[in-house]
Amino acid sequence: MKLTRRNFLAWAGIAATGAIACDLFDDELRVQSPVDIPEDLVSGRDNWYATYDASVPGGQGILVRVMEGRAKKVRGNPRFPTNQGKQSPAADAILQSLYHPDRIAGPMLRNGPRGAGQFRPISWEEALNRFNAAVAERGDRMLLITEPRPGAFARICDSFADAFGGRHLAFDTVDDSAYRHAVKDIMGSDGQPYHDIANAETLVSFGSDFLSTWGNPTAYSVAYGKFRSGHRGRHVHFDPRYSMTAANADKWLPIAPGAEGYAALALAWTLIEMGLAEGDVARLTNGQGAAALNAFRPDAVAGALQIPDAALDGATVAQFFAELASKLAHGGLAMGGGGAAGAYSNGRFNASAALALNYLLGNVGQPGGLLPAPDTPIPGGIDARPAPLSDWQGVASDIAAGATRLVIVHNADPVYGLPARVGLADALSNEAVAIISASPFIDETTAMADLLIPDRAALESWGDDLPDPMPGHTVYAVQQPVVNPLSDLDPRSFPDVLLNAAADLGQGASMPADSHEALIRSNIEDELGADFTEALQNGGWWNENSAGSAPPPASGLLANVAALAAPAAANGTGEFQLLPYPHHTVLDGRNAHLPWAQSTPDPITTVVWQTWVDINEQQGRRMGLREGDVVQITGPNGSITALVYLNPGMPPGIAAVPMGGGRRSGSAYATDRDARESSNVMSILAAAQVDGSGGLAWSGNRCSITPAGDSMAVAKLEGDYTSREIGEHSAELVFKSVSEEGSH
Amino acid sequence: MVVDLDKCTGCQACVVACQAENNIPINTKDYFLQRRAYEWIRIERYWEGEYPNVKARFMPVLCQHCENAPCEPVCPVYATYHNEEGLNVQVYNRCVGTRYCINNCPYQVRMFNYWHPNWPHRMENQLNPDVTVRSRGITEKCTFCVQRIRRGEIQVEARAGQRLDDNRIAAGNYDPACVQACPTSALMFGDLNEPNTAIKPYFDDVNNYPGHHEHERETRGYRLLEEMNTRPSVIYLKKVDQYPLADKGAH
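1. Quick look at the interface of chain A and chain B
One frequently used descriptor of interface size is the decrease in accessible area upon assembly of the parts.
Then comes step 1: Contacts between the two partners involve 118 residues from chain A and, on the opposite side, 100 residues from chain B.
Then comes step 2: Both faces combined, the contact of chain A with chain B buries some 10,000 Å², and carbon together with sulfur accounts for 55% of it.
Then comes step 3: Linking chain A with chain B are five salt bridges.
Then comes step 4: We note a salt bridge from arginine 122 of chain B to aspartate 488 of chain A, for which the minimum N-O separation is 3.2 Å.
Then comes step 5: For the pair chain A and chain B, the interface holds 40 residue pairs in polar contact (both at pLDDT 80 or more).
Then comes step 6: Ranked by residues supplied to the side of chain A that touches chain B, first place goes to strand 3 (residues 70-76) of chain A with six residues.
Then comes step 7: Of the residues contributing to the side of chain A that touches chain B, the split by class is 48 nonpolar, 35 polar and 35 charged.
Then comes step 8: As paired elements, strand 26 (residues 737-739) of chain A and strand 11 (residues 239-241) of chain B share three bridges and run parallel to each other.

2. A word on helix 19 (residues 557-564) of chain A
Residue and element names in this part refer to chain A.
Then comes step 1: Among the residues of helix 19, Leu557, Leu558, Val561 and Ala562 are the ones counted as buried. Looking straight down helix 19, one finds that the buried residues subtend no more than 135° of arc, so they occupy a single side.
Then comes step 2: Tucked inside the fold, the buried residues of helix 19 contact helix 5 (177-187), helix 8 (260-273), helix 9 (281-284) and helix 12 (347-361).

3. A few points about the sheet that holds strand 12 (residues 332-336) of chain A
All names here are of chain A.
Then comes step 1: If you trace the four strands from one edge of the open sheet to the other, you get 11-10-9-12, paired in parallel fashion. Pairing within the sheet leaves two strands with one partner each, and these edge strands are strand 11 (251-253) and strand 12. Direction aside, the axes of adjacent strands within the sheet are offset by 15° on average.
Then comes step 2: Pairing between strand 9 (residues 202-206) and strand 10 (residues 234-238): five bridges, direction parallel. Residue pairing for strand 10: phenylalanine 206 is matched across the bridge by phenylalanine 238.

4. Regarding the nonpolar core
Then comes step 1: Residues Tyr242 and Leu459 of chain A together with Met1, Met59 and Tyr236 of chain B are the most contacted members of the largest nonpolar core, which totals 103 residues.
Then comes step 2: Per-element accounting of this core gives the leading share, six residues, to strand 3 (residues 53-62) of chain B.
Then comes step 3: Counting residues in each nonpolar core, the second largest holds 77 residues, with Leu253, Leu333, Leu355 and Leu557 of chain A among its members.

5. Some points on the packing of helix 8 of chain A against helix 10 (residues 298-305) of chain A
Packed helix pairs are characterised by how far apart their axes lie and by the angle those axes make with each other.
All names here are of chain A.
Then comes step 1: The geometry of helix 8 relative to helix 10 is characterised by a closest axis approach of 10 Å and an angle of 165° between their N-to-C directions. In terms of orientation, helix 8 lies roughly antiparallel with respect to helix 10. In this structure, the crossing between helix 8 and helix 10 has a hand that is left-handed. Here Tyr262, Ala263, Ala266, Trp269 and Thr270 of helix 8 come into contact with helix 10, specifically with Pro298, Val301 and Leu305.
Then comes step 2: The class makeup of the residues in the contact of helix 8 with helix 10 is seven nonpolar, one polar and no charged.

6. Some remarks on the packing of aromatic side chains
All names here are of chain A.
Then comes step 1: Counted according to the given criterion, the structure contains 28 aromatic pairs over all chains.
Then comes step 2: Relative to phenylalanine 296, the ring of tyrosine 262 has its centre 5.8 Å away and its plane inclined at 40°; by these criteria the two rings are tilted. Of this pair, tyrosine 262 sits in helix 8 while phenylalanine 296 sits in the loop between helix 9 and helix 10, and the two are 34 residues apart along the sequence.
Then comes step 3: According to the relative accessible area criterion, tyrosine 262 is buried, its value standing at 14%.
Then comes step 4: Residue phenylalanine 296 is classed as buried on the basis of its relative accessible area of 5%.
Then comes step 5: Cluster of aromatic residues (ring-pair linked, three or more members): Tyr194, Phe210, Tyr220, Tyr224 and Phe227.
Then comes step 6: When the ring centre of tyrosine 581 is taken as reference, the NZ or CZ atom of arginine 241 above it lies at 3.8 Å.

7. Some details on the side chain of threonine 230 of chain B
Residue and element names in this part refer to chain B.
Then comes step 1: Mapping threonine 230 onto the fold places it in the loop between strand 9 (221-222) and strand 10 (235-237).
Then comes step 2: Residue classification places threonine 230 among the buried residues on the basis of a relative accessible area of 4%.
Then comes step 3: In contact with threonine 230, other than residues within four places in its own chain, are Cys66, Glu67, Asn68, Ala69, Pro70, Pro106 and Tyr107.

Conventions adopted
Residues numbered from 1 in each chain as written. Chains lettered and ligands numbered in written order. Predicted model: local features only at pLDDT ≥ 70, side-chain atom pairs only at ≥ 80, totals over all residues. Heavy atoms only, no water. Contact = heavy atoms within 4.5 Å. Buried area = accessible area lost by both parts, 1.4 Å probe. Salt bridge = Lys/Arg side-chain N within 4 Å of Asp/Glu carboxyl O. Polar contact = N/O pair within 3.5 Å; in protein donor to acceptor, adjacent residues only side chain to side chain. Helix = DSSP H or I, 4+ residues; strand = E, 2+ residues; numbered from the N terminus. Nonpolar A, V, L, I, M, F, W, Y, C, P; charged D, E, K, R; others polar. Pairing = 2+ DSSP bridges. Buried < 20%, exposed > 50% of the residue type's maximum accessible area, 1.4 Å probe, protein only. Arc of directions from axis to C-beta. Axes fitted to C-alpha atoms, helices over the stretch in contact; angles between N-to-C directions. Core = buried A, V, L, I, M, F, W, Y, C linked by side-chain atoms within 4.5 Å. Parallel < 35°, antiparallel > 145°, perpendicular 65-115°, else oblique. Left-handed = near helix turned anticlockwise from the far one by under 90°. Phe/Tyr/Trp six-rings, centres within 6.5 Å; stacked < 30°, edge-to-face > 60°. Lys NZ or Arg CZ within 6 Å of the ring centre and 35° of its normal.

Written out as structure tokens, the structure is:
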């Protein structure tokens, strides 16, 4: 037998069991038989380190199992207040980003045409000399583009940009600016409020996919499990798309795209009219009562909502809303208005209406209600919020006008994530602009860089975060390095590169600390007055007695919100509303290079690795489409192709396409599929803004769908028997349910 | 194990946690196209009804660790057997790859290694040293993370300096990766040999009233494909429907 490392260890294990049989160490070790299953042969000691994963929506506290210097497993940190020991489906993928074969090994210099992705390795000394020279020469025309990451990272980036007269912008493909504006207007806070689902009795939600990608889906899922324990709450969801949240709601009501705000105000009118509102109706309506919302009577907005009669179980819209209002009156919570619902031209109205409904329900700051964001515990606070579309349109024109001549990018991919119409890729192709990337992987933006200075992976790095939303009280998350980079990798901490460059260029005094670690330590010890080691062991610092407070609602809040009402504008033409949505695990494309994110079946369709378009099953058949047909989706700004998935739940007239496909630069896991089965839906969107917020109206596009004359097999978990796996058994034999009366 | 279908949101956190814990090879697109993807736990998605009264149903399915396991008697080499703890065990170095067990499993939770397991450069560093990497040509399946049970036992023994008795390892110290990960706590795990385990009442209910449908309405407990009398060690709790579909039209 060839002696490999593995079977050497196996033989070594058997030899060890022989030693134990001689009664040595009997107190500590169990006598093993070599015919026992191999799992019985446990060797080595493990250590679990608390750290933090900022790459998933809302962030999560994690514990990493480390054996002999290698990270082996990630689990949720049971002490961490948001995810409470649980984890997102993408949590373990952080290991793949650590040990990924396509990590940029060390600093590199472009040696081909811009965007061709040709680089040659250079030394760190040369790389840092080039970096410093670029900053010294062009610092006043510098744009630093990073991921949205409040805390020490944002403070270092802001200080660095300020010191040289440049600018720092945070980028997020999924632009939620309208929701943030609504929160700021109504609650006066920069952070998102937390929805206390766990203690609510009835939950009504509007268009936000909070069980999949909106807010903090892991924390909200933990709460959802509690919501369904004991008292068994009731959940009604309004959404034009059959999302994962819609699938889990007790009742899903398909509504017209962009009508979420109308549904929320119709409920508000019903609550006031029925005398069920717990909040200060007189203040909220300027003393007008229900009359302030007369335009939103359920029968008046039924035409705008377009809820199919069959979804109402024989009731009229008014009757259904009356029944729902009577349930909401006791322990009711309204949620949503952000994410997809906030990404129509009227997104600010949708978000405001959903938030304002909670004031009417009288639940703001109450258990089971809307919990205002607490104050930020550290300086610099929440000042790294994603920049809205309007800023990015300005960036493209700044570059064209010569006002920006140095772009430094870190873990952000605006070239991929912004609609092509914004013109950023074209602007960056101008060789007069120097581009430096500190991302650890090649992506569409990094591929255009002149100089690569790869940052360390998350599990190799210091970091901190202010989770958004916080769970009703202050949380400061701390990320510590749990392993060292492998010997064939030579990354460097990007925040430390910035701090060192500032010092080298005579701007050290403008920076908040000498190192990233020192700033985090100072945040913990000096600002929070906490013990550094203890904070590392716990994965952060939190104060459960630091609930946020919101000012009393503006006088006439509901009337003000009603004044924002406007139908959602449609960009482009075509018979379908194009609804992009963040992929459940690939998200906005940031995880496209991670095989676990790609191979995790989409919860609704079970599709993996590909880009598909969800079309209503009956409508698709009438169009002569079959699953796997390649169709051309023509939006306001060009076309993409995708595979048809005939979805029994998707409303007719909706074309829902997951984000995250169509990467053309970087790892083969992201790029080895052709355009028929992997495409970037963001590229064809109009560069249209949400009214009054400057955010990208990524939900507000129309498209047409035409067969491309080709078809491919759809890779998915579900089998040949439509939607079931266990042989030929009827679904009713396998999946059982009870009606509410029979439960408990 | 108890699976509460009323809490499962279909989020797949269990699926990925299992793959990370158990050294499951990367499921490429081709593996799915050939219907040979490795998922020791999977979320089945069923459709009920027609638009707009439509429901996607999520159901985690894993090895049921049956007391009357159909996979066990058909194995010609005793690679799969029932151990004294009630686990349905797969001994990889006995398996000769007949796949009889796979054919005989009504739950389709056994997977065959059609390919040599392969990890790209560097990713082998994350392999769990407690779990064997299975070679080509053998069958594998959910173990209820037996390595976590063993490690829990050994650590407790090492700490106490003496052999473990039946009741010493505290619940929660040996949760399988899927149970630990599940955000909504739809998955619950425990040792039925312990009298006070949280899952025991669910088993008592189902065992005392097998096939008693009126009682099922109250406890919600049932076993998957109960009519096959495989006596699974996994109990499902029915989904609670507050707005039941008039016509399920299941497909």
